[in-house]
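Survey of secondary and tertiary structure
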Amino acid sequence: MAGYWLTTIVGTNPAVLTKERLRLTTAEGESLRRLASAVHPRLLPSFKLALLLGDDDASCGIGDGDAAAMLRLDQPVDISLSGPLAVSHCGAAFLDRLLNPAEALAVAAALPPVSHVRTLLDWWRQGKSVMLLKEE
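Residue indices follow the written sequence of each chain, beginning from 1 at its first position. Two thresholds apply to this predicted model, a pLDDT of at least 70 for residue-level local features and 80 or more for giving and counting side-chain atom pairs, whereas whole-chain, interface and lining totals are computed over all residues. The basis for every side-chain value is the complete set of non-hydrogen atoms in the structure, without hydrogens or water.

For each structure, a 1 Å grid was placed over the protein atoms alone; sets of points admitting a 1.4 Å probe that cannot get out are labelled cavities, open sets with protein on both sides within 12 Å along at least five of seven lines are labelled pockets, and lining residues have an atom within 4 Å of a point. Grid points are joined across faces, edges and corners, and a volume is the space filled by probe spheres set on the points. Approximately 270 Å³ is the volume attributed to the largest pocket. Considering the residues around the largest pocket, the lining is formed by 16 residues, among which Gly11, Thr12, Ala15, Leu95 and Asp96 are closest to the centre. Helix and strand assignments come from DSSP, with helices taken as H or I runs of at least 4 residues and strands as E runs of at least 2, each series counted from the N terminus. When residues of the lining of the largest pocket are assigned to their parent elements, the largest contribution, three residues, is made by helix 4 (residues 89-96). Just so you know the grouping, Ala, Val, Leu, Ile, Met, Phe, Trp, Tyr, Cys and Pro go in nonpolar, Asp, Glu, Lys and Arg go in charged, and all remaining residues, Gly too, go in polar. A per-class count over the lining of the largest pocket returns ten nonpolar, five polar and one charged.

Take a look at the structure:
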């Protein structure tokens, strides 16, 4: 099913997608991404789920169906991105460019207080980085 997951991520080695995730429709995800991008281009970046995981140094992604089946974002559990769920090299480069929570909070002050923005602010206040994962 196409759409977005608004998700928090903590750590780097391994990175962990925390259980705090919201399923968004394609329209909701695109709207939230545009709203955040108008404030700062890296405030809420999106990344294709299929490219996040890689099975070796040469690959950048494992395919939409495989990634969705392996990650099970619909389950309310933390997901450690290690072992068979290791982050691809392009996924790691994307994660390195995420604003840290303090930076995100500083620029997010210009966002209107709509429901998903309130969620973002709460997560950044908790010290979590946030991104949109796009399922296709």
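The next subject is the packing of helix 5 (residues 101-108) against helix 6 (residues 115-125). Viewed as axis vectors pointing N to C, helix 5 and helix 6 meet at an angle of 145°, and their least axial separation amounts to 8 Å. Helix 6 is crossed by helix 5, and the crossing has left-handed handedness. The segment helix 5 lies against helix 6, with Pro101, Ala104, Leu105 and Ala108 engaging Leu121, Trp124 and Arg125. Across the contact of helix 5 with helix 6, the residue classes tally to six nonpolar, no polar and one charged. Only the contacting stretch of a helix is used when fitting its axis, a line to C-alpha atoms as for every element, and angles between N-to-C directions run 0 to 180 degrees. Take the far helix as the reference: if the near one is turned anticlockwise from it by less than a right angle, the crossing is left-handed, and if turned clockwise, right-handed. Residues are treated as being in contact if the distance between any of their heavy atoms lies within 4.5 Å.

A few words now on helix 5. Classification of residues uses two cut-offs on accessible area relative to the type maximum, computed with a 1.4 Å probe and protein chains only: under 20% is buried, over 50% is exposed, and between them is partly exposed. Of the positions making up helix 5, those classed as buried are Pro101, Ala104 and Ala108. Seen along its axis, helix 5 keeps its buried residues to an arc of 60°; they face one direction. Across helix 5 from its buried face, at more than 90 degrees, point the exposed residues Ala102 and Ala106. Under the rule applied, a polar contact is a pair of N or O atoms within 3.5 Å (in protein, one hydrogen donor and one hydrogen acceptor; residues adjacent in sequence only if both atoms are side-chain atoms). Near the N-terminus of helix 5, the side chain that reaches the backbone nitrogen of Ala102, with its oxygen 3.0 Å away, is that of Asn100. Throughout, the arc means the angular range of directions from the helix axis out to the C-beta atoms.

Bridging between strand 1 (residues 3-10) and strand 2 (residues 15-24) involves six bridges; their strand directions are antiparallel. Within the sheet, the bridge partner assigned to Val10 lies in strand 2 and is Val16. Strands were regarded as paired on the criterion that DSSP finds at least two bridges between them. Counted between consecutive antiparallel strands, the loop separating strand 1 from strand 2 contains four residues, among which Gly11 sits at a positive phi close to 75°. Where strand 2 meets strand 4 (residues 79-81), three bridges bridge the pair, whose relative direction is antiparallel. Looking at strand 4, one finds that Leu17 is bridged to Ile79.

Take the pattern of salt bridges next. Whenever a carboxyl oxygen of Asp or Glu lies within 4 Å of a side-chain nitrogen of Lys or Arg, that contact is scored as a salt bridge. By the definition in use, this model includes seven salt bridges. The residue Lys134 makes a salt bridge to Glu136 at a minimum N-O spacing of 3.7 Å. A cluster of three or more residues bridged by salt bridges with shared partners is formed by Lys48, Lys134 and Glu136.

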